[in-house]
Amino acid sequence: MDIAWQQCIDPDCAATFGTDEIYVSCPTCTQHGKQSLLDVRYDWSRAVLPKAFCFFEHRWMTKGGHGTGQLDFSGVWRFRELLPFYHDEQQIITIGEGRTNLQNARLLAPQIGLRPGRLFLQYEGLNPSGSFKDNGMTAAFTHARMVGANRVACASTGNTSASLAMFASLSDLLGIVFIGSGKIAYGKLSQALDYGARTLQIQGDFDACLRRVRQIAVDHPQMGVYLMNSVNPFRLEGQKAIVYRILEALDWQVPDWIVVPGGNLGNCSAFGKAFAELVEVGLVDRIPRLAVIQAAGANPLYQLFTRQGLRWNDGRYDLDKVHALYHQMDADDVHPHTIASAIEIGRPVNLPKALRALDLMDGVVREVDDEAILEHKAMVGRYGFGCEPASAASVAGVHLLAEEGVIAKDDRVVCVLTGHELKDPDTTVKYHTGIDQQAMQAKVPRHQPTGRLANPPHPVPDDLDAIIAAIGVDVPTTLPAIPTDTKALDHLPASEY
Ligand code: F0G
């Protein structure tokens with residue numbers, strides 16, 4: 001057996017397959033009429049592993065270049081010993097993804113119920129294509145190259161398509177993206193178009209797009225289409241690196257909570273796998289708690305896990321509950337709908353893996369409504385580097401969990417901000433000004449902004465006195481002072497916050 005293989009996550013099947021094979025679900029289960037996900041698994045006793053996590057740190061300084069330098073430069077591949085599924089380093093496709101920041105959000109923390117110095121924001125929007133997807137895409141493209149694929153495709157609410165299109169444009173693979181009609185933020189659509197991906201706008205939502213692209217990849221092998229959605233287990237291998245970088249930025253200390261928005265549930269699944277493996281190889285001795293936050297208008301995991309008590313149950317979870325929910329959604333003609341279009345998903349394909357991660361990480365799931373998402377997005381903009389709506393669900397979720405007393409004000413909490421603020425400028429402009437681009441085209445009158453942090457531009461005539469009056473003499477010239485108890489924290493390493 002190789003050092004790495006693919007394995008069905010259903011404990012009653014657990015069939016194994018080589019890493020050179022292409023599957024998006026377990027073929028053995030498919031023969032029995034079931035659809036089960038696959039994992040990439042490793043024989044760690046045969047892997048060359050560092051004794052301590054800080055081994056990876058020196059690579060951070062690398063400036064890129066070719067060969068190993070290029071791998072060390074990547075925020076995914078500098079941890080390559082923890083995802084050793086490739087045969088040869090030459091196969092790795094990297095564009096310098098994953099060089100992202102963990103910000104100690106001292107001004108934001110008290111706004112959402114935490115002590116200053118306890119809230120950290122992991123800005124995955126700083127990836128080359130502007131979202132966390134690049135972490136997974138580098139790994140999936142590497143696998144695509146390993147198996148000799150030449151056409152790659154995905155269904156997407158926008159970010160996966162932007163990332164796929166960027167990687168395709170920088171490699172020798174043709175990118176094809178399926179997006180739902182009218183369901184995509186313009187920043188993301190513009191990327192797919194600009195990078196030259198063949199863009200199919202399907203009349204339907206994300207779930208319909210994923211069904212179709214899966215059909216093409218699985219049932220029409222003559223098309224030679226390699227599927228890049230997160231049912232592809234190799235993508236999730238790359239997304240484990242978000243966890244490694246969070247730990248690295250905290251001086252290898254494990255936080256109390258990791259909080260992440262949930263859509264197709266690939267990211268939270270990858271985080272669970274990362275911690276299961278880190279414990280297995282002895283690089284951490286503690287696992288943080290996981291909070292997955294969904295939009296109230298697209299909340300199947302919240303319905304199943306929190307409302308109905310669905311649990312992983314060692315892999316024998318109650319599938320009937322899942323089918324019943326989906327059946328009811330169909331019967332009631334309920335379709336996912338949220339301002340956070342990135343997570344507007346009704347049938348998350350990684351649901352079983354998310355249940356497994358929640359089990360391992362003693363997790364919770366919450367829903368937040370669109371108003372909470374927009375207010376917390378504005379707070380991340382006001383006190384941080386900004387993020388797109390879906391990402392702000394994690395911050396709104398922390399606020400809710402702090403109010404509930406589930407997260408204590410002294411807990412160390414990391415929110416993963418999954419996408420860049422500029423992905424969806426229309427939503428931001430609408431929040432601050434009341435101007436809705438689409439409504440403007442339809443000549444619907446403009447509304448006054450109602451957001452708590454709305455910061456509309458001031459119309460001013462081209463007149464010096466009027467401009468001086470508009471600037472105002474009573475406007476504070478400095479930002480609010482940092483609460484005093486955090487000043488002492490400046491002198492401490494992140495690990496001691
Ligand atoms: N945040 C952003 C900005 C996203 O784009 C997505 C997913 C998520 C959160 C949810 O992550 O699916 O791993 O639970 N976007 C996918 C896409 C579905 O097509 O771009 P998840």
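The structure this text deals with has already been given above.
Everything quoted here is computed from the prediction, not taken from an experiment.

**Section: the packing of helix α9 (residues 300–307) against helix α10 (residues 319–331)**
Logical step 1: Relative orientation of the contacting elements α9 and α10 amounts to 135°, with a least axis distance of 11 Å. By the criterion of interaxial angle, the relationship of α9 to α10 is oblique. With respect to the hand of their crossing, α9 and α10 are arranged in right-handed fashion. Contact residues: α9 offers Pro300, Gln303 and Leu304, while α10 offers Lys321, Val322, Leu325 and Tyr326.
Logical step 2: Counted by class, the contact of α9 with α10 contains five nonpolar, one polar and one charged residues.

**Quick notes on helix α14 (residues 425–433)**
Logical step 1: Buried residues of α14: Thr427, Thr428, Tyr431, His432 and Thr433, and no others.
Logical step 2: As for α14, its buried residues are in contact with α12 (370–383) and α13 (389–404).
Logical step 3: Two residues or fewer after α14 comes Gly434, characterised by a positive phi angle close to 85°.

**Re the sheet that holds strand β2 (residues 16–17)**
Logical step 1: As summarised here, the arrangement of the three strands in space is β2-β1-β3, forming an open sheet in which the pairing is antiparallel. The open sheet has two free edges, formed respectively by β2 and β3 (38–42), since each of these has just one partner strand.
Logical step 2: Strand direction decides the pairing type here: strand β1 (residues 4–8) and β3, joined by five bridges, are antiparallel. Bridge pairing in β3 places Gln7 opposite Asp39.
Logical step 3: The strands that helix α7 (residues 233–249) touches are β1 and β3; relative to β3, the one it contacts most, it runs at about 60°.

**Regarding the pairing of β1**
Logical step 1: Counting buried residues along β1, five of its five residues qualify, which places the element largely inside the surrounding structure.
Logical step 2: The side-chain alternation of β1 yields two buried faces, one formed by Ala4, Gln6 and Cys8 and the other by Trp5 and Gln7.
Logical step 3: Two strands pair when backbone bridges link them, and β1 and β2 are joined in this way by two bridges, in the antiparallel orientation. Paired with Gln7 across the bridge in β2 is Thr16.

**Details of the site of the ligand**
Logical step 1: Neighbouring the ligand are 21 residues, the closest being Thr157, Thr160, Asn264, Leu265 and Thr418.
Logical step 2: Between the ligand and Asn159 there is a distance of 2.8 Å, counted from an oxygen atom to a side-chain nitrogen or oxygen.
Logical step 3: One of the backbone N or O atoms of Thr160 is found 2.8 Å from an oxygen atom in the ligand.
Logical step 4: Compared with its free state, where it exposes 480 Å², the ligand has 99% of that area covered by protein.
Logical step 5: Breaking the shell around the ligand down by element, the ones donating at least two residues are α4 (159–169) and α8 (266–280).

**Considering the pairing of strand β8 (residues 198–202)**
Logical step 1: The pairing of strand β7 (residues 174–180) with β8 spans five bridges and is classified as parallel. When the bridges of β8 are listed, Ile179 appears paired with Gln201.
Logical step 2: Handedness of the crossover is the feature at issue here: the chain leaves β7, passes through helix α5 (residues 186–194), returns alongside β8, and the resulting connection is right-handed.

**Notes on the side chain of Ser230**
Logical step 1: You can see Ser230 is positioned in the loop between β9 (225–227) and α7.
Logical step 2: Note on Ser230: relative accessible area 4%, which makes it buried.
Logical step 3: Within the structure, Ser230 has its side chain in polar contact with the side chain of Asn350 (distance 2.9 Å).
Logical step 4: Not counting the four nearest positions on each side in its chain, Ser230 is found in contact with Arg235, Leu236, Asn264, Gly266, Val349 and Asn350.

**Brief notes about α10**
Logical step 1: Between its first and last C-alpha, α10 extends 18 Å over 13 residues, near the 18 Å set by a 1.5 Å rise per residue.
Logical step 2: Val322, Leu325, Tyr326 and Met329 are the residues of α10 that are buried. The buried residues of α10 occupy an angular sector of 90° when projected down its axis, which confines them to one face. Counted as exposed and oriented over 90 degrees from the buried face of α10: Asp320, His327 and Ala331.
Logical step 3: Check the buried side of α10 and you find it contacts α9 and α11 (351–360).
Logical step 4: Where α10 terminates, the next one or two residues include Asp333, which has phi positive at roughly 55°.

What counts, and at which threshold
Residues numbered from 1 in each chain as written. Predicted model: local features only at pLDDT ≥ 70, side-chain atom pairs only at ≥ 80, totals over all residues. Heavy atoms only, no water. Axes fitted to C-alpha atoms, helices over the stretch in contact; angles between N-to-C directions. Helix = DSSP H or I, 4+ residues; strand = E, 2+ residues; numbered from the N terminus. Parallel < 35°, antiparallel > 145°, perpendicular 65-115°, else oblique. Left-handed = near helix turned anticlockwise from the far one by under 90°. Contact = heavy atoms within 4.5 Å. Nonpolar A, V, L, I, M, F, W, Y, C, P; charged D, E, K, R; others polar. Buried < 20%, exposed > 50% of the residue type's maximum accessible area, 1.4 Å probe, protein only. Pairing = 2+ DSSP bridges. Near = heavy atom within 4 Å. Polar contact = N/O pair within 3.5 Å; in protein donor to acceptor, adjacent residues only side chain to side chain. Areas by Shrake-Rupley, 256 points an atom, 1.4 Å probe, with all protein chains shown as cover. Right-handed = clockwise from strand over helix to strand, strands pointing away. Expected span 1.5 Å × (residues − 1). Arc of directions from axis to C-beta.

So far we have only geometry, and geometry alone does not tell us how the molecule works.
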